[in-house]
Amino acid sequence: MRKHCFQQLPREYQEILHLDLQNDSKLILLVNGLATVIALAMFAAGFLFTPMFAVFTSPPTLAAFLVCCVLYLVLHELVHGLCMKWFGAKRVRFGFTGLYAFAGSDEYFTKGAYVVVALAPVVVWGAVLLALNVFAGEKLFGLFYLIQLINVSGAAGDLYVCFRFWRLPRDILVRDTGVSMTVYGPEGA
């Protein structure tokens, strides 16, 4: 069985890329710009099905939406953390920086495992929210669609990171401490 997570960086590995989603202002603008474009496109597309503003017509509906948003953020990060544990992380940290909620670990994940860790929440919750949209009916469509919008646009950082790692060698290792990722590869790679 192939190992997907390492507690120690192999001796022959060195840093080849570092992405800091919290402190790199250009990267923050890029990722949040991507999130905004995704959100606006989904918001516009949503109006083809039903007006989204129905979610905000009453205080109880608005309160339910806000509670669902907070719950979604927690569940999104929980999926990241569960995947990290599944692939062998001994310890996963969760937090909120003011800009991002995060799940992070000090372990080093293989490229394939890390792509699963990064994309699992958008896939899992995308499927759940799609099912809720299909079966919930017209009255709740806007609520679940807006949460889906948050799901997809909120995954902009995860999507960007996977895009950046796409062309990197298969044998890289990724350390994701929460809001920064450091990529390591064998010397000479």
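Computed from a prediction, not measured in an experiment: that's the story for all the values here.

Caption draft 1: Structural detail: the confidence of the model for the protein chain. When the pLDDT values of the protein chain are averaged, the result is 90; 94% of them are 70 or greater. Averaged pLDDT values over the elements of the protein chain bottom out at 87 in helix α4 (residues 138-154) and peak at 97 in strand β5 (residues 108-110).

Caption draft 2: Inspection of the layout of surface pockets at higher detail. Considering only enclosed or pocket space, the largest pocket measures out at about 610 Å³ in volume. Glu77, Tyr100, Ala101, Gly154 and Gly157 are the residues nearest the centre of the largest pocket, which is lined by 31 residues in total. Those elements that provide at least two residues to the lining of the largest pocket are α1 (25-46), α2 (59-86), β4 (101-104), α3 (111-136), α4 and α5 (156-165). Here the element with the most residues in the lining of the largest pocket is α2; it accounts for six residues. Each residue belonging to the lining of the largest pocket can be placed in one class, and the counts come to 20 nonpolar, eight polar and three charged.

Caption draft 3: How the structure looks around the environment of Phe109. Tracing the chain through its elements places Phe109 in strand β5. Taking the C-alpha atoms as reference, Phe109 lies 33 Å from Phe144; in sequence the two are 35 residues apart. Apart from residues no more than four positions distant in its own chain, Phe109 is found in contact with His4, Cys5, Met84, Phe87, Ala89, Tyr114, Ile172, Leu173 and Val174.

Rules behind the numbers
Residues numbered from 1 in each chain as written. Predicted model: local features only at pLDDT ≥ 70, side-chain atom pairs only at ≥ 80, totals over all residues. Heavy atoms only, no water. pLDDT = per-residue confidence, 0-100. Helix = DSSP H or I, 4+ residues; strand = E, 2+ residues; numbered from the N terminus. 1 Å grid on protein atoms, 1.4 Å probe; cavity = no way out; pocket = protein on both sides within 12 Å on 5 of 7 lines; lining within 4 Å. Points joined across faces, edges and corners; volume = space filled by probe spheres on them. Nonpolar A, V, L, I, M, F, W, Y, C, P; charged D, E, K, R; others polar. Contact = heavy atoms within 4.5 Å.

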